[in-house]
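What follows is each chain in one-letter form.
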Amino acid sequence: VGGFKGAVFFPALHGYRTDGPEFAATLAVLERHGGIAVVHCGLLRIALRDHFELPANYDLSLADPLRLTAVASAHRNTRFVLPHFGGGFLRETLLLGAQCSNVYVDTSSSNSWMNAQPQRMSLVDVFDRALAVFGPERVLFGTDSSVFPRGWRRDILLEQREALGAVGLSAADRERIFGGNAAELLGLSG
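Criteria and thresholds
- Residues numbered from 1 in each chain as written.
- Predicted model: local features only at pLDDT ≥ 70, side-chain atom pairs only at ≥ 80, totals over all residues.
- Heavy atoms only, no water.
- Helix = DSSP H or I, 4+ residues; strand = E, 2+ residues; numbered from the N terminus.
- Rg over C-alpha atoms; globule rule 2.2 N^0.38 Å.
- Buried < 20%, exposed > 50% of the residue type's maximum accessible area, 1.4 Å probe, protein only.
- Contact = heavy atoms within 4.5 Å.
- Areas by Shrake-Rupley, 256 points an atom, 1.4 Å probe, with all protein chains shown as cover.
- Phe/Tyr/Trp six-rings, centres within 6.5 Å; stacked < 30°, edge-to-face > 60°.
- Lys NZ or Arg CZ within 6 Å of the ring centre and 35° of its normal.
- Expected span 1.5 Å × (residues − 1).
- Bend = angle between axes of the 7 residues up to and from the residue.
- Core = buried A, V, L, I, M, F, W, Y, C linked by side-chain atoms within 4.5 Å.
- Polar contact = N/O pair within 3.5 Å; in protein donor to acceptor, adjacent residues only side chain to side chain.

A. Layout of the overall build of the protein. Within the protein one finds eight helices and five strands. Overall, the protein shows an N-to-C arrangement of helices and strands of β-α-α-β-α-α-β-α-β-α-β-α-α. Relative to its length of 190 residues, the protein is compact, with a C-alpha radius of gyration of 16 Å against a globular reference of 16 Å. By its C-alpha atoms, the protein is 45 × 45 × 35 Å across when sized along the principal axes. Burial status across the protein gives 42% buried among its 190 residues. Sequence separation of 24 or more characterises 71% of the internal contacts of the protein that already satisfy a separation of 6 or more. If you sum the accessible surface of the protein, you get close to 9900 Å²; carbon and sulfur atoms cover 53% of it.

Below you can see the structure in the form of structure tokens.
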């Protein structure tokens, strides 16, 4: 349908369950058109809301990636992307990715959610664990650069390049993560 590629969902912000009827109706449309469901799970911080001192009424109980397990299993033709490595729900994101091959993870943001983990971890640790489950085929680079006023985050690009280098990933697999996977997912590759 024209340039339609998918939709972005914020269950914790908008107050619905991804395994509930509200999400099911939209998901049916995505599946019918081969769309992608980008589902924000985990911690949520919206800089513009903070800037204007709007209340942050987020229900983190609705942000658990495991709620997507039955949904992703039932909708095998829909690809699901979880930004920010699951935003603090890394273990749950890894479990979901191990169970459902149509689930992808993206690397966007400063990944400050790592500070809320019970065990100290580095970005190298996060990439290592994500790659062990998702493989280089289901990891998508992202910088989360479009949030006003910050713009392009070159520092995040460099940090992620360094982390992937430390993991020992081949040049071909790094290329997949830094653009090839997204191009394939969006139908932009030849």
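B. Geometry of the packing of aromatic side chains. Tallied over the full model, the rule gives five aromatic pairs. Plain terms: the ring middles of Phe 9 and Phe 23 are 4.8 Å apart, the flat faces sit at 90° to each other, and that makes the pair edge-to-face. Highlighted residues: Phe 9 in strand β1 (residues 6–9) and Phe 23 in helix α2 (residues 21–33), separated in sequence by 14 residues. Here the two residues Phe 9 and Phe 23 agree in accessibility, since each one is buried. In this structure an aromatic cluster arises from ring pairing among Phe 9, Tyr 16 and Phe 23. Across the ring face of Phe 178, the terminal group of Arg 161 is positioned such that the distance to the ring centre comes to 6.0 Å.

C. Inspection of unusual backbone geometry at higher detail. Even without glycine at this site, His 84 takes up a positive phi of about 60°. Structurally, His 84 is set in the loop between β3 (79–82) and α5 (90–99). Phi angles above zero are rare outside glycine, and Phe 85 is one such case at about 55°. As for its position among the elements, Phe 85 is in the loop between β3 and α5. Residue classification places Phe 85 among the buried positions, given a relative accessible area of 0%.

D. The arrangement of helix α8 (residues 171–185) in detail. In a regular helix each residue adds 1.5 Å, so 15 residues correspond to 21 Å; α8 covers 20 Å between its end C-alpha atoms and thus fits that length. The axis of α8 is deflected most strongly, by about 55°, at Ile 177. Those residues of α8 lying buried are Ile 177, Asn 181 and Leu 185. As for α8, its buried residues are in contact with β2 (36–39), β3, β4 (103–106), α6 (123–134), β5 (139–140) and α7 (154–167).

E. Local environment of the side chain of Gln 160. Within the element layout of this structure, Gln 160 appears in helix α7. Apart from the residues lying within four places of it in its own chain, the contact partners of Gln 160 are Thr 107, Ser 109, Asn 111, Leu 123, Phe 127, Phe 141, Gly 142 and Phe 178.

F. Fine view of the nonpolar core. The biggest cluster of nonpolar side chains holds 34 residues, and the ones touching the most others in it are Phe 23, Val 39, Leu 68, Phe 80, Phe 85, Val 103 and Val 126. Of all the elements in the fold, those that place two or more residues in this core are α2, β2, α4 (69–74), β3, α5, β4, α6 and α7. With six residues, α6 is the single largest residue contributor to this core. Dropping the residues within four chain positions of it, Phe 23 is found in contact with Phe 9, Tyr 16, Arg 17, Thr 18, Val 39, Leu 68, Val 71 and Phe 80.

G. Fine view of the side chain of His 40. Its location among the elements puts His 40 in the loop between β2 and α3 (47–51). In this structure His 40 comes out as buried when scored by relative accessible area, which is 8%. At a separation of 3.4 Å, a polar atom in the side chain of His 40 contacts the side chain of His 84. Setting aside residues no more than four positions away along its own chain, His 40 makes contact with Phe 9, Phe 10, Pro 11, Pro 83 and His 84.

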